[in-house]
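# Chain and residue survey
So you can see what is in the structure, the chains are spelled out below.
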Amino acid sequence: MGDPDVFEMVVAEGKRDNREVDYDFQMSEQSLSSRETSFLIREQPGTAKRYNLFLRRRLMFKKCLQSKDSIFFRDGIRQIDFVLSYVDDIKKDGDIKMERRREFEVNLRKTGLELETEDKRDSEDGKTYFVKIHAPWEVLITYAEVLGMKMPVRENDIPPPDPNPFSCVLGPLKLKKSVKHPHPEYFTAQFTRHRQELFLIEDESTFFPSSARNRIVYYILSRCPFSTEEGKKRFGIERLLNSKIYSSAFPLHDGQYWRPSEPPNPVNERYVLHKNWARFSYFYKEQPLNLIRKYYGEKIGIYFVFLGFYTEMLSYAAVVGLACFVYGLLSMEGDSSSREICDPEIGGQIIMCPLCDQLCDYWRLNTTCLASKFSHLFDNESTVFFAIFMGIWVTLFLEFWKQRQAKLEYEWDMVDFEEEQQQLQLRPEFEAMCKHRKLNTVTKEMEPHMPLYSRIPWYLLSGATVTLWMSLVIASMIAVIVYRLSVYATFATLMESEATLEPVRRILTPQLTTSLTGSCLNFIVILILNFFYEKISAWITKMEIPRTYQEYESSLTLKMFLFQFVNYYSSIFYVAFFKGKLVGYPGKYTYMFNIWRSEECDPAGCLIELTTQLTIIMFGKQIFGNIEEAIYPLALNWWRRRKTRTNSEKLYSRWEQDHDLESFGNLGLFYEYLETVIQFGFVTLFVASFPLAPLLALLNNIIEIRVDAWKLTTQYRRPVAAKAHSIGVWQDILYGMAVLSVATNAFIVAFTSDIIPRLVYFYAYSTNATEPLKGYVNNSLSVFLIADFTNRTAPAGKRDILTCRYRDYRYPPEHESKYSPNMQFWHVLAAKMTFIIVIEHVVFLVKFLLAWMIPDVPKDVVERIKREKLMTVKILHDFELNKLKENLRINSDLFAKEVMIQENKVQLAKSTM
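In what follows, the accompanying structure is described. (Residues numbered from 1 in each chain as written. Predicted model: local features only at pLDDT ≥ 70, side-chain atom pairs only at ≥ 80, totals over all residues. Heavy atoms only, no water.)

Let us look at the nonpolar core. Generally speaking, soluble globular proteins have nonpolar side chains that are buried together. Ranked by size, the top nonpolar core spans 130 residues in total, and within it Trp-277, Trp-393, Phe-397, Tyr-569 and Phe-682 carry the most contacts. Leaving out residues up to four positions away in the same chain, Trp-393 has contacts with Tyr-310, Met-313, Leu-314, Ala-317, Phe-680 and Thr-684. Grouped together as the second largest cluster of nonpolar side chains are 49 residues, Tyr-86, Ile-133, Leu-147 and Phe-187 included. (Core = buried A, V, L, I, M, F, W, Y, C linked by side-chain atoms within 4.5 Å. Buried < 20%, exposed > 50% of the residue type's maximum accessible area, 1.4 Å probe, protein only. Contact = heavy atoms within 4.5 Å.)

Throughout the structure, instances matching the rule amount to 57 aromatic pairs. Measuring from centroid to centroid gives 5.3 Å for Phe-531 and Phe-532, while their planes differ by 80°, and the two rings are edge-to-face. Given the relative accessible area of 45%, Phe-532 is considered partly exposed. Aromatic side chains Tyr-673 and Trp-730 sit 6.1 Å apart centroid to centroid with 20° between the ring planes, which places their arrangement in the stacked category. Taken together, the positions of Tyr-673 in helix H24 (residues 668-685) and Trp-730 in helix H26 (residues 729-752) put the pair 57 residues apart, joining distant regions of the chain. When sorted by exposure, Tyr-673 lands in the same class as Trp-730, which is buried. In this arrangement the basic side chain of Arg-718 is found over the ring face of Tyr-295, its NZ or CZ atom lying 3.8 Å from the centre. (Phe/Tyr/Trp six-rings, centres within 6.5 Å; stacked < 30°, edge-to-face > 60°. Helix = DSSP H or I, 4+ residues; strand = E, 2+ residues; numbered from the N terminus. Lys NZ or Arg CZ within 6 Å of the ring centre and 35° of its normal.)

Next up on the list: the environment of Cys-601. Looking at where Cys-601 falls in the secondary structure, it is placed in the loop between strand S16 (596-597) and helix H22 (607-641). Take Cys-601: its relative accessible area is 16%, and that puts it in the buried class. For the pair Cys-601 and Lys-579, spaced 22 residues apart in the sequence, the C-alpha separation amounts to 6.8 Å. Setting aside residues up to four positions removed in sequence, Cys-601 forms contacts with Lys-579, Gly-580, Cys-606 and Glu-609.

Interaxial distance between helix H21 (residues 549-577) and H24 falls to 11 Å at its minimum, and their mutual angle equals 35°. Judged by the sense of rotation from one axis to the other, the crossing of H21 with H24 is right-handed. Listed contacts from H24 to Leu-556, Thr-557, Met-560, Phe-561, Gln-564, Phe-565, Tyr-568, Tyr-569 and Ile-572 of H21 are Phe-670, Tyr-671, Leu-674, Val-677, Ile-678, Gly-681, Phe-682 and Leu-685. (Axes fitted to C-alpha atoms, helices over the stretch in contact; angles between N-to-C directions. Left-handed = near helix turned anticlockwise from the far one by under 90°.)

This part takes up the sheet that holds strand S2 (residues 114-118). Reading across the sheet, the four strands line up as S2-S3-S1-S8 and stay open at both edges, with antiparallel pairing between neighbours. Unpaired on one side and paired on the other, S2 and strand S8 (248-250) mark the two borders of the sheet. The average undirected angle you get between the axes of adjacent strands in this sheet is 20°. The sheet contact formed by strand S1 (residues 82-87) and strand S3 (residues 128-134) spans six bridges and is antiparallel. Considered in S3, the bridge of Ser-85 is made with Phe-130. Across the face of the sheet, helix H8 (residues 210-223) comes into contact with S1 and S3 while running at roughly 45° to S1. (Pairing = 2+ DSSP bridges.)

Counted residue by residue, helix H14 (residues 369-378) has seven buried out of ten residues, so it is predominantly covered. Residues Cys-369, Ala-371, Ser-372, Ser-375, His-376, Leu-377 and Phe-378 constitute the buried set of H14.

What the rule picks out here adds up to 34 salt bridges. Residue Arg-78 pairs with Asp-75 through a salt bridge whose shortest N-O separation is 2.7 Å. Overall, Arg-78 belongs to the buried group, its relative accessible area being 12%. A relative accessible area of 32% means that Asp-75 is categorised as partly exposed. The closest approach of N and O atoms between Arg-807 and Asp-754, which form a salt bridge, is 2.5 Å. Residue Arg-807 is found in strand S18 (residues 803-807), and its partner Asp-754 is found in the loop between H26 and helix H27 (755-765); the two are separated by 53 residues along the sequence. Several salt bridges converge on common partners, so that one network encompasses Arg-74, Glu-116, Glu-118 and Lys-132. (Salt bridge = Lys/Arg side-chain N within 4 Å of Asp/Glu carboxyl O.)

The topology assignment puts Gln-824 in helix H29 (residues 823-853). The exposure class of Gln-824 is buried, given its relative accessible area of 6%. Engagement of the side chain of Gln-824 in a polar contact is seen with the side chain of Asn-779, the distance being 2.7 Å. The residues touching Gln-824, leaving out its near neighbours within four places in the chain, are Tyr-765, Asn-779 and Tyr-809. (Polar contact = N/O pair within 3.5 Å; in protein donor to acceptor, adjacent residues only side chain to side chain.)

For the structure shown, the criterion picks out three disulfides. The disulfide that involves Cys-353 links it to Cys-804, with 1.9 Å between the sulfurs. Taking the torsion about the S-S bond as the criterion, the Cys-353 to Cys-804 disulfide, at about 85°, is right-handed. Taken together, the residues Cys-353 in the loop between strand S9 (351-352) and strand S10 (363-364) and Cys-804 in strand S18 connect sequence positions 451 residues apart. (Disulfide = S-S within 2.5 Å.)

Bringing the packing of helix H12 (residues 298-330) against helix H25 (residues 693-715) into the picture now. Where H12 contacts H25, the axes come no closer than 7 Å and their chain directions differ by 155°. Overall, the two elements H12 and H25 adopt an arrangement that is roughly antiparallel. As H12 runs across H25, the sense of the crossing is left-handed. On H25, the residues that touch Ile-300, Tyr-303, Phe-304, Leu-307, Gly-308, Tyr-310, Thr-311, Leu-314, Ser-315, Ala-317, Ala-318 and Leu-322 of H12 are Pro-694, Leu-695, Ala-697, Leu-698, Asn-701, Ile-702, Glu-704, Ile-705, Asp-708, Ala-709 and Leu-712. (Parallel < 35°, antiparallel > 145°, perpendicular 65-115°, else oblique.)

Only a minority of non-glycine residues have a phi that is not negative, and only a minority of peptide bonds are not trans. Positive phi, normally seen in glycine, also occurs at Lys-244, with a value near 65°. Tracing the chain through its elements places Lys-244 in the loop between helix H9 (237-242) and S8. Its identity is not glycine, yet Asp-413 carries a phi of approximately 55°, on the positive side. Turning to its location among the elements, Asp-413 is positioned in the loop between helix H15 (382-411) and helix H16 (421-424).

Side chains of Leu-452, Tyr-453, Ile-456, Tyr-459 and Leu-460 sit close together on the surface and give an oily, nonpolar patch of about 560 Å² of accessible area. For Ile-456, the location among the structural elements is in helix H18 (residues 452-497). Judged by its relative accessible area of 39%, Ile-456 falls in the partly exposed class. (Patch = residues over 30% accessible without salt bridge, like charges linked within 9 Å, V, L, I, M, F, W, Y side chains within 5 Å. Areas by Shrake-Rupley, 256 points an atom, 1.4 Å probe, with all protein chains shown as cover.)

Across the five residues that make up S2, a large majority, five, are buried. Burial along S2 is two-sided: Glu-114, Glu-116 and Glu-118 facing one way and Leu-115 and Thr-117 facing the other are all buried.

A few words now on helix H4 (residues 94-110). Between its terminal C-alpha atoms H4 stretches 24 Å, which fits the 24 Å expected from 17 residues at 1.5 Å a residue. Those residues of H4 that sit buried are Gly-94, Lys-97, Arg-101, Phe-104, Glu-105, Asn-107, Leu-108 and Arg-109. Just past H4, the residue Gly-112 takes up positive phi, approximately 105°. (Expected span 1.5 Å × (residues − 1).)

What follows is the structure, encoded as structure tokens:
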């Protein structure tokens, strides 16, 4: 239906005005508009050339009178809906490109679109042609019907839902009603040109919003043919862009973002959005979601709805996480474990075994005093509560999002949404590579087809590439571990030998210093790998030759998410679940590659190191991401505009201003969703180790919303509007991560934190009734006889001590089963496994109950949908009934008139006889 023949069929049916456009060179002065373009493109000898020069000078004069912000053709009446740009190519294929452009533009005119070209001599750089496109009314109503657009038929009479009782308190957060709801609510029906009287058409020029207009034009551009090769039509603007026949294709912004438009231009919605949405001083305000949808389309609109809803839900988690942190801060001084470690009579008398072979010396437990206090901030009784709370929170978030999405489908007329045609359209690359054709069982037409055996090599290459890069991530993580193992001895020796580092040693222990530097190095490696993999994944996805744009995006989503999941989370998984778990014991340590001794956790536990790793990677990614999103398009746009400052006397038109902006691209939203989903993983998968993670994410998202809004309104060309009724495959990914988060947080509490061993000691091994946890530190450390050290592990030099301590539950040297796991080890292990099983079943039970209790579609939305469908049917019925009555009345009048004529004829015949 996007073929140029569609519009010719409408002409044949007689449903458009009888306005045949003659694209020859016979035209009057009153009709100089798009037809001047075709005249100016060609060089005509003699009189034609002089007339061409006259026209050019005349148009130059009229152009100078235009506003720089004009979004109309030179006649000031027809609105510019789309712009194509190109540069003359002097290479050997320049003639081919020119011919394809000419054929493409001829076919565009056949569809009814009107074109007007700006010569390169009138452009800012003196080398770029601009083709402006306008869709007249007949084209709009034809393709609005083809695309199944819903348009207003009557103002909605359903009363709004009850106001929020806290609305007066939330007043400062609200936007003005004219901004929040730029137009009233309507009952809508699928548009059809045969029922135009049914719809609320007050002004044909404003009936279709600019987003609908550019969507219609892009639909035509994406299906318009430009050549025929080997008996097959080549079509689509995307293919022309890929082959550099056109350099860009974009809809225009409404005007400049820093000031409102001047008449006769319509309301500058870009300015309204920048003023009320893209300013950082409005960070506390709600978003103008309906205006975003009206200007950018549903696909971009639903992203900002999701980001705003996610940020709102994060505020609740942030408050609870902050409360848990404050609890840890207030109870820090009263923590018995920290007191014992810091006590010179307890921790100061406990000699610990060396943390590395030969170079490291014995050390006293109280040197980790500050680290043990920091550890208590995140490793306390509230950790279990917060882990359970986040398991429930993530369920509520996803269930309430489904409700919000259902409400959005109703409000934005997407209840009966069908997948966007452009997403299901065949990719030009797929058609170009296909040598076979196959009958489409639905359309009964022959379509390009690629057999499976042709794709298998590329699938294998794709799988091998993804596996290779994931292996590279694991190798990089191992390299960072080796770095930590290698430099630990250096840090330990340096801090022991340098007296000037005594104040630093109180704050930064060798373990903490190694962890911090290792985390920073790991974050740098993550960014480097991520940069290169983005390029590789895009290339390998193209090599797979996906059939449609939807298949391309799904394939790229899978590759990018799997890689980034491994890239960002692998080091955190290592610290959470592997570090310090398989270290062995003094005299029989385990070694990596038989060279480096496995890392041990701090005596206060590995949780503080997990918190450090998570904080650096999460915080660093958010800071780097926001800086990159703001600086990258700003720098590119400055580079493009650098010449205009020296040519300020020239007219810098609206299409040239937008042409110099960065393109948002087909994958612009893809990277925004990917960034949000990765952050969601930080907030949910490891939140038991860092209750401030939701607060960090909340602050980042408040900035992220305004950065994204600022980018779209000021630094990017206006994206082509597209429809979407959900966040797509990302919702399934979020559900998967939500289920995984229950398991990861249960394992973190059980195996990484120190809560379960403390509880086992509290209930089973404590002998102090008044202070049940007193003596826990001594109980958690096993004894090792120094004489049992091997030459490989023993520190250099003699010591006057007989034993040292290490963190584990093993029998002492005098026991017959010395250094074997003791009974408490098995008790603690059984308690950990029991905790995991119980907590997972409890959280999953609550999750399923909540999912069952919370309906996917709210009751009031169901009722409103039913009411709207009923009213729409009634309106359509009344319209058709009135139309039928009118036709019958006209027909009956004609019949009565015909009867009278026949009777008069009979009377006349009788009188003449």
